[in-house]
Amino acid sequence: MNRDMRNHSLTHHLALWFIVVALLPLLLFGYLSLRQNEAALRVEMQARMSRLADKKAMEIKVYLAERAQDVQILARGLLAEQAMDALSRAYLQHRPGSAGYQRADRQFRSRFSAYIDESALFYDVFLITPQGEIIYTDKHEADFATNLLDGPYRDSQLAKAFRESSLTFESSFSSFGSYAPSGVPAAFVAAPIIRNGVFRGVIAFQLSTENIYRVAMENSGLGTTGETLLARLTDSGEAEFAAPL
């Protein structure tokens, strides 16, 4: 009886080992196949994310190019020339806040405000003298009546766009960066006002971030948990997010 039990136990163990030996290659094959499929899926998803990022970047570039064209057309128009002449004269003679300046301001405010409307193309508009003095803004934030060459915002993205347009006499875009007067990240597009070969100043617009955020936050193709992050690389090599997380 004991011999039968030992034989049964041995048979049982041998059968178990045969099963293990038979299943081991299958398990190894399944593991390797899973890793290979995982790697292929990762490559496919990375390629998909890259295509989505390229698409979003192109949409933003097209939007920015359209806004640059808007500013260039406005800089060449009669409104910019008349406003620069009248407001710079009132600013120098009467100073901002005076009745004389307010009269000049009212002549042009409604026409400039048309660009700061519900379509959210621009957040603010600036007229800047060749000497860097901001003589007009629609919002009248803390940057109004300051100087972009030696004032508190001389290192801002607005100042960089102004200096580039002043030096090149061409339109220029700034990078996105924190802008203290508005309390949000901002980018600017500027264009020189030139008449009869004379540099009269710069007109600049602060871009509304709503349309850019709308492109960035549109999550089609990202699944239920997908998220798009919009950021820029700073001079120190850090990523600064330019859209809400």
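The rules behind the values
Residues numbered from 1 in each chain as written. Predicted model: local features only at pLDDT ≥ 70, side-chain atom pairs only at ≥ 80, totals over all residues. Heavy atoms only, no water. Phe/Tyr/Trp six-rings, centres within 6.5 Å; stacked < 30°, edge-to-face > 60°. Helix = DSSP H or I, 4+ residues; strand = E, 2+ residues; numbered from the N terminus. Lys NZ or Arg CZ within 6 Å of the ring centre and 35° of its normal. Patch = residues over 30% accessible without salt bridge, like charges linked within 9 Å, V, L, I, M, F, W, Y side chains within 5 Å. Areas by Shrake-Rupley, 256 points an atom, 1.4 Å probe, with all protein chains shown as cover. Salt bridge = Lys/Arg side-chain N within 4 Å of Asp/Glu carboxyl O. Buried < 20%, exposed > 50% of the residue type's maximum accessible area, 1.4 Å probe, protein only. Pairing = 2+ DSSP bridges.

Explain the packing of aromatic side chains to me, please; I cannot follow it from the model alone.
Each pair of aromatic rings is reported with the distance of its centres and the angle of its planes. Evaluated as defined, the whole model comprises nine aromatic pairs. Here the aromatic rings of Phe 126 and Phe 188 are separated by 5.9 Å at their centres, their planes lie at 65°, and the arrangement is edge-to-face. On the criterion of sequence distance, the pair formed by Phe 126 in strand β1 (residues 122-128) and Phe 188 in strand β6 (residues 188-195) is long-range, its members being 62 residues apart. Here a set of aromatic residues connected by ring pairs shows up, and it is made of Phe 126, Tyr 153, Tyr 179 and Phe 188. Over the ring of Tyr 123 we find Lys 139, and its NZ or CZ is 4.9 Å from the ring centre.

Looking at this model, I keep getting lost on a nonpolar patch on the surface. Mind explaining?
A cluster of nonpolar side chains, Ile 19, Leu 23, Leu 26 and Leu 27, forms an exposed patch at the surface whose accessible area comes to about 410 Å². Within the secondary structure layout, Ile 19 lies in helix α1 (residues 2-76). Given a relative accessible area of 47%, Ile 19 falls into the partly exposed group.

It is not clear to me how the pairing of strand β2 (residues 134-137) should be interpreted in this structure. Could you clarify?
As paired elements, β1 and β2 share three bridges and run antiparallel to each other. Bridge pairing in β2 places Ile 128 opposite Ile 134. Once β1 ends, the chain turns through five residues before running back antiparallel as β2, passing Gly 132 with a positive phi of about 90°.

It is not clear to me how the environment of Arg 103 should be interpreted in this structure. Could you clarify?
With respect to the helices, strands and loops of the structure, Arg 103 is situated in helix α3 (residues 99-113). Note on Arg 103: relative accessible area 48%, which makes it partly exposed. C-alpha of Arg 103 to C-alpha of Ala 90: the two residues are 13 residues apart in sequence and 8.7 Å apart in space.

Just checking my understanding: could you explain the pattern of salt bridges for this structure?
All told, the structure shown has seven salt bridges when counted by the stated rule. Measuring nitrogen to oxygen at the nearest pair gives 2.7 Å for the salt bridge that ties Arg 109 to Asp 105. Remark: Asp 105 and Arg 109 occur in helix α3; sequence separation between them is four residues, near one turn of the helix. The class of Arg 109 is partly exposed, set by a relative accessible area of 23%. Taking the shortest distance from any N to any O, the salt bridge between Asp 138 and Arg 109 comes out at 3.7 Å. Taken together, the residues span a long stretch of sequence, with Asp 138 in the loop between β2 and α4 (157-168) and Arg 109 in helix α3 at a distance of 29 residues. Connected via shared salt-bridge partners are Glu 66, Arg 67 and Asp 70.

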